[in-house]
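Here's the letter readout for the chains.
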Amino acid sequence: MDPSATTSSPRQPFTAGTATAKKKKKKTTAESLSHDVLCIIFSFLDLFQLIRCSAVSTSWRKAINKLKLNQTEYCKQRYNDPNGLQDASSSQRSLSEQAEQLAMERHALALQRAPASVNQWKGHSVGVNQCRMKMGKVLTGVGDKVVGLVGTRICIWNRTETRNVFSSRENLFTKGLCMRYVDPEAVIGCDDGKVRVFDLYSRKCSQIIKMHEGPVTCLAFTDDQLLVSGSSLGTLSLSDLSSDQRVVLLGSTFSAGIKTLCFNPSSYMVFAGSTAGNVSCWDLRKTNRSLWETRVSPNVVYSMHHLRNDTSTLVVGGIDGVLRIVDQVTGEVISRCIIDDSRTVLHRSTERFGTVQIESKKLKRLSEDDRIDLMPRASRPQITCLAVGMEKVVTTHNDKYIRVWKFRK
């Protein structure tokens, strides 16, 4: 990946790492507080505040866990128990599990109806159409170079070295259309309906698997090395890389070619977005038919994503520029969002690579009756790629801007 394509989000949130770094410099006031004083203070906090406090220091975490304050507050919120007595004393649920469940609930509610803003800044000198996000960091790139596939060549970027390129040998394929990488293998979907598996260390093609009759347009990996692929003919196939054969043809979307795939490891569901604006859901444990198929957009669906452990919401973007929140279970479109271009607030942010001018806009939620085709294109540039973070979504639009949609309750 191109190091020059990496940028960070405008503002860095407070993290446990920040607290640790400060603690090493000098003894903090927090460490000098007695255990009894800490317990009194923590008794006034809600569950989400307790979870944040537990990440500050070891002494704080021990005090919270010893008194089982997190279990008590969890029962208050979860079971509407004012005393927090229901299973609080015997609860074996770990703090991390509680934090994850609470975070997923807050995240889903924020995407559905929380007020939001959209921050955008120029991140590239040319149009950018790919993005990824992890741990608050944003990675963006141009074209296939973000995933390392250029025509019939595979490119590897190293932070300390120049680009390393090796081409296909013995005319293995004429054109690669999509790629997924899981160390040490790169899997490439090709226009002849086959996928090629390359070992990036030996630089050899280890497998060639016939997946479709038409071009392979998108790929997705499961945690147990199953490969899901979609084609321009609308077919969906599943293959086990260890067997070297196609496992099963999942079926067809019956709408148009498949443009994008998204796999959820928590529910074992795979979501397919088509060129006709449809999104369908498939359970990989039941391969006979799709669970649901919904026309979410009148045009092409380019990208879909969700938090890894979120089993409730799916974020969808496409050529019409509307950011849609879809229910993973039913396929219902819960919310439709565009950028409110009527007012822009400018501010500057100083980063390691210089000063960035950030434009902040409001988000506008649409109703089912709103005519999208009558809305200005400036408020809904086509979404070529998106990545979902906690209560935020990063989008690229084939222009110079990177946009971060921040949802806050």
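The shown structure was predicted, so the numbers you read here are calculated from the model rather than taken from an experiment.

## Quick word on the sheet that holds strand β8 (residues 176–182)
Line of reasoning, step 1. Read across the open sheet, the four strands follow the order β8-β9-β10-β11; overall the sheet is antiparallel. A single partner strand is all that each edge strand has here, and the edge strands are β8 and β11 (204–210). Here the average twist between neighbouring strands, direction ignored, is 20°.
Line of reasoning, step 2. When strand β10 (residues 194–199) meets β11, the two strands line up antiparallel, connected through six bridges. For K194, the partnering residue across the bridge sits in β11 and is K210.

## Comments concerning a negative patch on the surface
Line of reasoning, step 1. A cluster of like negative charges, contributed by E332, E368, D369 and D370, occupies part of the molecular surface.
Line of reasoning, step 2. By the element assignment, D369 lies in the loop between β24 (354–366) and β25 (385–389).
Line of reasoning, step 3. On the basis of relative accessibility, which here comes to 70%, the residue D369 falls in the exposed class.

## A word on the environment of S290
Line of reasoning, step 1. One can find S290 in the loop between β18 (278–283) and β19 (292–295).
Line of reasoning, step 2. Note on S290: relative accessible area 18%, which makes it buried.

## Describing helix α5 (residues 58–66)
Line of reasoning, step 1. For α5, every residue scored as buried is listed here: W60, A63 and I64. Each buried residue of α5 sits inside an arc of 95° when the element is viewed along its axis, so together they form one side. Opposite the packed face of α5, turned more than 90 degrees from it, sit the exposed residues K62 and K66.

## What to know about the nonpolar core
Line of reasoning, step 1. Core analysis: the largest hydrophobic core is formed by 20 residues, its most contacted members being V315, L323, L363, L386, V393, W405 and F407.
Line of reasoning, step 2. Among the secondary structure elements, those contributing two or more residues to this core are α7 (95–113), β2 (116–122), β22 (323–327), β23 (333–351), β25 and β27 (401–407).
Line of reasoning, step 3. The element best represented in this core is α7, accounting for four residues.
Line of reasoning, step 4. Among all residues touching V315, those that are not within four sequence positions of it are L111, S303, M304, H305, L323, R324, I325, L386, V388 and V393.
Line of reasoning, step 5. In this structure, V228, L250, L261 and W282 belong to the second largest nonpolar core, which totals 15 residues.

## Some points on a nonpolar patch on the surface
Line of reasoning, step 1. Together, L33, V37 and I41 give the surface a local cluster of nonpolar side chains, amounting to about 200 Å² of exposed area.
Line of reasoning, step 2. When you line up the elements, V37 lands in helix α3 (residues 35–42).

## Side note on the environment of S274
Line of reasoning, step 1. Here S274 is to be found in strand β17 (residues 269–274).
Line of reasoning, step 2. Taking the relative accessible area as the measure of exposure, S274 reaches 1% and is therefore buried.
Line of reasoning, step 3. Sequence-wise, S274 and S232 are 42 residues apart; in three dimensions their C-alpha atoms are separated by 8.9 Å.

## Looking at the sheet that holds β19
Line of reasoning, step 1. Pairing is antiparallel across the open sheet formed by four strands, whose spatial order is β16-β17-β18-β19. Every other strand in the sheet has two partners, leaving β16 (258–264) and β19 as the edge strands with one partner each. In this sheet, neighbouring strand axes are inclined to one another by 15° on average, regardless of whether the strands run parallel or antiparallel.
Line of reasoning, step 2. For β16 and β17, the ladder comprises six bridges, and the chain directions are antiparallel. Bridge assignment links L261 to a residue of β17, and that residue is A272.

## Examining the environment of R348
Line of reasoning, step 1. Here R348 lies in strand β23.
Line of reasoning, step 2. Taking relative accessible area as the criterion, R348 reaches 60% and is therefore assigned exposed.
Line of reasoning, step 3. For the pair formed by R348 and I358, sequence separation is 10 residues and the distance between their alpha carbons is 5.7 Å.

Conventions and cut-offs
Residues numbered from 1 in each chain as written. Predicted model: local features only at pLDDT ≥ 70, side-chain atom pairs only at ≥ 80, totals over all residues. Heavy atoms only, no water. Pairing = 2+ DSSP bridges. Helix = DSSP H or I, 4+ residues; strand = E, 2+ residues; numbered from the N terminus. Axes fitted to C-alpha atoms, helices over the stretch in contact; angles between N-to-C directions. Patch = residues over 30% accessible without salt bridge, like charges linked within 9 Å, V, L, I, M, F, W, Y side chains within 5 Å. Areas by Shrake-Rupley, 256 points an atom, 1.4 Å probe, with all protein chains shown as cover. Salt bridge = Lys/Arg side-chain N within 4 Å of Asp/Glu carboxyl O. Lys, Arg positive; Asp, Glu negative; His and termini not counted. Charge placed at Lys NZ, Arg CZ, Asp CG, Glu CD. Buried < 20%, exposed > 50% of the residue type's maximum accessible area, 1.4 Å probe, protein only. Arc of directions from axis to C-beta. Core = buried A, V, L, I, M, F, W, Y, C linked by side-chain atoms within 4.5 Å. Contact = heavy atoms within 4.5 Å.

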